[in-house]
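The lines below spell out each chain.
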Amino acid sequence: MKITKNNISFTDNTNELTPDTIFVSSKQNEKFLNIAKQNGNKIITDTQLSNYFDFSNIKIIGITGTNGKTTTAAAIYSILLDLGYKVAFLGTRGLFVNDMKLKDYTLTTPVQLELFEDIELSLQYDCEYFIMEVSSHALAQNRICGLDFALKVHTNITRDHLDYHKTIDEYINIKNSFFKDESPKLINRDDKNVKYKLKNAISYGLDNPATYKVQAFSFKDGMSVALQYFGNLYTFTNDLRGTFNVYNLTCAVASVHHLTKKPLQEICDMVENFAGVSGRMQTISYDPLVVVDFAHTPDGMKQIFESYKDKEIIVVFGAGGNRDKNKRAIMGKIAQEYASFIYITSDNPRFEDPDAINEQILQGISEKSKVFVILNRKDAIKNAIIKSKEYQNPVVLVLGKGDEQTQIIYDKEFPLNDHDIIKEFLNEYK
């Protein structure tokens, strides 16, 4: 990618080199370093790039974890906007600045040059805060080097991306590497996998002692939460449900409080306005009750199921191709534990055989009478909605893709959106 700052051009791609372009070397492109040398270009490392940029007027908040990054980041963004600040939010869903969407879907954390460009753009809009999701890939590839974080936020660390990181220990270590320095950090005290440097650390949690400790919560048409901070109690409410969202919103409240030093109850009062994130625990229909969520890991699925264990669950899900194969049977086992009926379908099969993926999911399901395999995702969703009519208190959970707009087969992307499929079918079905 090529960007320009103060009439100086930078690129990490030798195909974009011109005589006056500075080549930014990293471990991703070091094999092309000789090309830049032969061309006579000035060369700097990715750690030196920040010398050419001034981000001192914007506070950068980085959020990492297996689950909850997007919802937590979006909640922080929403609360800060409601408090009157100018804010940018960069993540899986794109770049948002002051309640405007400036860029569409992207990598969770873009490559370093694009990331610097996005922060520069946010400064042009006078943003005081830049909230970003930080993926394990970004940490492993050093995409965030050169950035000083006003706050590093931890949601949780469970199993994910083992196709890339190879082992769960490697994945955990990569995530924890974000919290090894002395930057201000906010830690989920209930996560057994997190390791961090104690200096400048504050915490939140439900079970263990924490700086921001949830004393009580309940679910009735949403959530009500009582939060303790240094002996005083504060409360917030929201339409979202699920214990994991209690964590997400508590984390958001704590983050904003630490950053702004505004009265804590004033911050809590803003939580009610947060409407959630498209494709994350999103209710598409109330009659029948149909919910879409991005959950694509065993832990993510379990959290969704726990949120609806008072209902008869009909679930639609699959597993992505060319990704962690070992989680597939675990996902099947968890679905069997919670669901009254299971529809296994396709979820971005990529270069893998969808039948083979689904067979691996089925290995975790012993009660074959409660499962049906339908490769066509659209048909699987339709059948699940029809099936829900057989139950007294059902919920249809469509998991894995959230608000994604495409299905990836081989290296091609085909239009597909779970929300649209559900709406279209319900309009026909009435």
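The sections below set out a description of the structure shown in this document.

Here is what the cut-offs are and how they apply
Residues numbered from 1 in each chain as written. Predicted model: local features only at pLDDT ≥ 70, side-chain atom pairs only at ≥ 80, totals over all residues. Heavy atoms only, no water. Helix = DSSP H or I, 4+ residues; strand = E, 2+ residues; numbered from the N terminus. Rg over C-alpha atoms; globule rule 2.2 N^0.38 Å. Buried < 20%, exposed > 50% of the residue type's maximum accessible area, 1.4 Å probe, protein only. Contact = heavy atoms within 4.5 Å. Areas by Shrake-Rupley, 256 points an atom, 1.4 Å probe, with all protein chains shown as cover. Lys, Arg positive; Asp, Glu negative; His and termini not counted. Charge placed at Lys NZ, Arg CZ, Asp CG, Glu CD. 1 Å grid on protein atoms, 1.4 Å probe; cavity = no way out; pocket = protein on both sides within 12 Å on 5 of 7 lines; lining within 4 Å. Points joined across faces, edges and corners; volume = space filled by probe spheres on them. Nonpolar A, V, L, I, M, F, W, Y, C, P; charged D, E, K, R; others polar. Salt bridge = Lys/Arg side-chain N within 4 Å of Asp/Glu carboxyl O. Pairing = 2+ DSSP bridges. Axes fitted to C-alpha atoms, helices over the stretch in contact; angles between N-to-C directions. Parallel < 35°, antiparallel > 145°, perpendicular 65-115°, else oblique. Left-handed = near helix turned anticlockwise from the far one by under 90°. Phe/Tyr/Trp six-rings, centres within 6.5 Å; stacked < 30°, edge-to-face > 60°. Lys NZ or Arg CZ within 6 Å of the ring centre and 35° of its normal.

### As for the overall build of the protein
Link 1 in the chain: Of regular secondary structure, the protein possesses 13 helices and 23 strands.
Link 2 in the chain: Relative to the compact-globule value of 22 Å for 430 residues, the protein shows a C-alpha radius of gyration of 22 Å, a close match.
Link 3 in the chain: For the protein, the spread of C-alpha atoms along the principal axes amounts to about 70 × 55 × 40 Å.
Link 4 in the chain: In the protein, which comprises 430 residues, the proportion classed as buried is 55%.
Link 5 in the chain: Intrachain contacts of the protein at a sequence separation of at least 6 include 62% that bridge at least 24 residues.
Link 6 in the chain: Put simply, the protein shows about 19000 Å² of open surface, and 47% of that area lies on carbon and sulfur atoms.
Link 7 in the chain: Separation of charge centres in the protein, based on 50 positive and 55 negative side chains, amounts to 4 Å.

### Focus on helix 9 (residues 298-307)
Link 1 in the chain: Taken together, the buried positions of helix 9 are P298, G300, M301, I304, F305 and S307.
Link 2 in the chain: If you follow the buried residues of helix 9, they end up packed against helix 7 (243-260), strand 17 (289-293), strand 18 (312-317), helix 10 (327-338) and strand 21 (394-399).

### Brief notes about the layout of surface pockets
Gaps between atoms show up when a probe of the same size as a water molecule is rolled over them.
Link 1 in the chain: Looking at the second largest pocket, its volume works out to about 650 Å³.
Link 2 in the chain: Every residue lining the second largest pocket is counted, 24 residues in all, and those nearest its centre are T243, F244, Y247, D299 and Q303.
Link 3 in the chain: Elements that contribute at least two residues to the lining of the second largest pocket include exactly helix 7 and helix 9.
Link 4 in the chain: Among the elements that take part in the lining of the second largest pocket, helix 9 stands out by supplying five residues, more than any other.
Link 5 in the chain: When the residues that make up the lining of the second largest pocket are grouped by side-chain class, the tally is four nonpolar, ten polar and ten charged.

### Concerning the pattern of salt bridges
Link 1 in the chain: Tallied over the full model, the rule gives 19 salt bridges.
Link 2 in the chain: D181 is the salt-bridge partner of K152, the closest N and O atoms lying 2.8 Å from each other. Of the two residues, K152 sits in strand 10 (residues 149-154) while D181 sits in the loop between helix 6 (168-176) and strand 11 (185-188), which places them 29 residues apart along the sequence.
Link 3 in the chain: Take K152: its relative accessible area is 6%, and that puts it in the buried class.
Link 4 in the chain: Of the charged contacts in the structure, one is a salt bridge between K199 and E182, with a shortest N-O distance of 3.4 Å.

### Remarks on the sheet that holds strand 13 (residues 212-219)
Link 1 in the chain: An order of 8-7-6-9-5-10-11-12-13-14-15 is seen for the eleven strands of this open sheet, with the pairing classed as mixed. Each end of this open sheet is capped by a strand with a single partner; those strands are strand 8 (100-103) and strand 15 (232-238). Strand after strand, the sheet turns through a mean of 20° between neighbouring axes, direction not considered.
Link 2 in the chain: Relative to strand 14 (residues 223-229), strand 13 is paired through seven bridges, and the arrangement is antiparallel. Note on strand 14: the bridge partner recorded for F219 is M223.
Link 3 in the chain: Sitting on the sheet, helix 3 (residues 112-124) touches strand 5 (59-64), strand 6 (87-91), strand 7 (94-97), strand 8 and strand 9 (129-133), and the angle it makes with strand 9 is about 150°.

### Let's talk about the packing of helix 7 against helix 8 (residues 264-271)
Link 1 in the chain: In contact at an axis separation of 10 Å, helix 7 and helix 8 are set at 140° when each is read in the N-to-C sense. Taken together, the axes of helix 7 and helix 8 lie oblique to each other. For helix 7 against helix 8, the interelement crossing comes out right-handed. For the pair helix 7 and helix 8, contact is made by L249, V253, V256, H257 and T260 and by L264, I267, C268 and V271, respectively.
Link 2 in the chain: A per-class count over the contact of helix 7 with helix 8 returns seven nonpolar, two polar and no charged.

### Remarks on the packing of aromatic side chains
Link 1 in the chain: Tallying each qualifying case throughout the model produces 18 aromatic pairs.
Link 2 in the chain: Between F53 and F55, the ring centres sit 5.8 Å apart and the planes meet at 40°, which makes this aromatic pair tilted.
Link 3 in the chain: Within the aromatic cluster, the residues linked to one another by ring pairs are F10, Y52, F53, F55 and F116.
Link 4 in the chain: Seen from the ring of F294, R280 lies directly overhead, with NZ or CZ sitting 4.3 Å from the centre.
Link 5 in the chain: When the ring centre of F341 is taken as origin, the NZ or CZ atom of K387, which lies over that ring, is 4.3 Å away.

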